[in-house]
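Residue-level listing of the chains:
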Amino acid sequence: MGKRILILATDGFEQSELIEPRKALEAAGFETVVASPQPGEIKGWDHDNWGESVRVDAVLGEVEAEDFDALLLPGGQMNPDSLRLEDEVICLIEEFDEADKPIAAICHGPSLLAEADVLEGRAVTAWPSIQTDLENAGAQVFNEEVMIDGNIITGRGPDDLPAFSRALIDALNAT
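Read on for a plain summary of the structure. Every chain's residues receive numbers from 1 upward, in the order its sequence appears when written. Local features are withheld for residues below a pLDDT of 70 in this predicted model, meaning they are given only at 70 or higher, and side-chain atom pairs are given and counted only at 80 or more; totals for whole chains, interfaces and linings count all residues. To get the side-chain values, all heavy atoms of the structure are used, and hydrogens and water are removed first.

1. Notes on the sheet that holds strand 4 (residues 41–46)
Under the convention used in this document: When DSSP finds at least two bridges between two strands, those strands are taken to pair. Helix and strand definitions follow DSSP, with helices as H or I runs of at least four residues and strands as E runs of at least two, each counted in order from the N terminus.
Spatial ordering of the open sheet is given by 2-4-5, a layout of three strands whose pairing is mixed. The open sheet has two edge strands with one neighbour each: strand 2 (13–14) and strand 5 (49–55). Pairing of strand 4 with strand 5 involves five bridges; the strand directions are antiparallel. Along strand 5, the bridge assignment pairs glutamate 41 with arginine 55.

Below you can see the structure in the form of structure tokens.
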């Protein structure tokens, strides 16, 4: 069986930050599964307006970290802010981290890593508006397109998606 990547998202995910890495992962031969608090479809945010919808493959509570090889956390302002209130999301992040499986978070997505308390002493990057939050969670924040610290892969934002996607694919190929 091929490697599987869990993508956690809800309404308001930054469209490019879910769609582009997902396409790159699938083109590299990996299976992706979108999980969300609600079934059906979730709606993306495209720059300054609602974008495309994405089908939800599984509802939170139906997925377990042990069934996946990596975790992808797209950004957008609304998406991580909603997801950080979901206990299942925080537990999944903690379980992926404890199992040393790749966790890739971009833009505002790393705020979920802060909520899960997995950033102490880690080197990360993120969207400028959440960098202070990440520092307050114990991370060292750098202004780089991608940062890799152990199993944690972070990216600044949409402009860095090619390098971010490559880093996740490389991590999956190395395991």
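And the narrative resumes.
2. Here's the deal with the pairing of strand 12 (residues 152–155)
A regular strand places its side chains so that they alternate between the two faces of the sheet. For the record, the criterion: Each residue is assigned to one of three classes by its accessible area relative to the maximum for its type, calculated with a 1.4 Å probe on protein chains only: buried under 20%, partly exposed between the two thresholds, exposed over 50%.
Alternating positions in strand 12 separate into two faces, Ile152 and Thr154 on one and Ile153 and Gly155 on the other, with burial throughout. Alignment of strand 8 (residues 103–106) against strand 12, held across four bridges, turns out to be parallel. Looking at the pairing, alanine 105 lines up with threonine 154 of strand 12. Two elements, strand 11 (residues 146–149) and strand 12, share four bridges in a ladder whose sense is antiparallel. By the bridge assignment for strand 12, valine 146 is matched with glycine 155. Between strand 11 and strand 12, which pair antiparallel one after the other, the connecting turn spans two residues, and glycine 150 there sits at a positive phi close to 65°.

3. Looking at the pattern of salt bridges
Here is the rule we go by: We define a salt bridge as a side-chain nitrogen of Lys or Arg found within 4 Å of a carboxyl oxygen belonging to Asp or Glu.
Within this structure, the stated rule accounts for seven salt bridges. Linking glutamate 115 and arginine 84 is a salt bridge whose minimum nitrogen-to-oxygen distance equals 2.7 Å. One end of the pair, glutamate 115, is in helix 4 (residues 110–115); the other, arginine 84, is in the loop between helix 2 (78–83) and helix 3 (87–98), with 31 residues separating them in the sequence. By relative accessible area, glutamate 115 is classed as partly exposed at 37%. Here arginine 122 makes a salt bridge to aspartate 97, at a shortest N to O gap of 2.8 Å. Residue arginine 122 is located in the loop between helix 4 and strand 9 (123–124), and its partner aspartate 97 is located in helix 3; the two are separated by 25 residues in the primary sequence. Owing to a relative accessible area of 16%, arginine 122 belongs among the buried residues under this scheme. Salt bridges sharing common partners tie together Arg22, Glu26, Arg55 and Asp57.

4. Brief notes about the sheet that holds strand 6 (residues 58–59)
The condition is simple: By definition in these notes, contact holds between two residues if any of their heavy atoms fall within 4.5 Å. Angles here are taken between N-to-C directions and fall from 0 to 180 degrees, while the axes themselves are lines fitted to C-alpha atoms, restricted in helices to the stretch in contact.
Taken together, the seven strands give an open sheet; going across it, the order is 6-3-1-7-8-12-11, and neighbouring strands pair in mixed fashion. Strands with a single pairing partner mark the edges of an open sheet, and in this sheet they are strand 6 and strand 11. Its contacts with the sheet place helix 1 (residues 15–27) against strand 1 (4–8), strand 3 (31–36), strand 7 (70–73) and strand 8, and it is angled at close to 150° to strand 3.

5. What about the pairing of strand 1?
Most of strand 1 is tucked away, with five of its five residues classed as buried. The two faces of strand 1 match: Arg4, Leu6 and Leu8 on one face and Ile5 and Ile7 on the other face are all buried. Two elements, strand 1 and strand 3, share five bridges in a ladder whose sense is parallel. Bridge pairing in strand 3 places isoleucine 5 opposite threonine 32. As paired strands, strand 1 and strand 7 are joined by three bridges and run parallel to one another. Across the sheet, the residue bridging to leucine 6 is leucine 71, located in strand 7.

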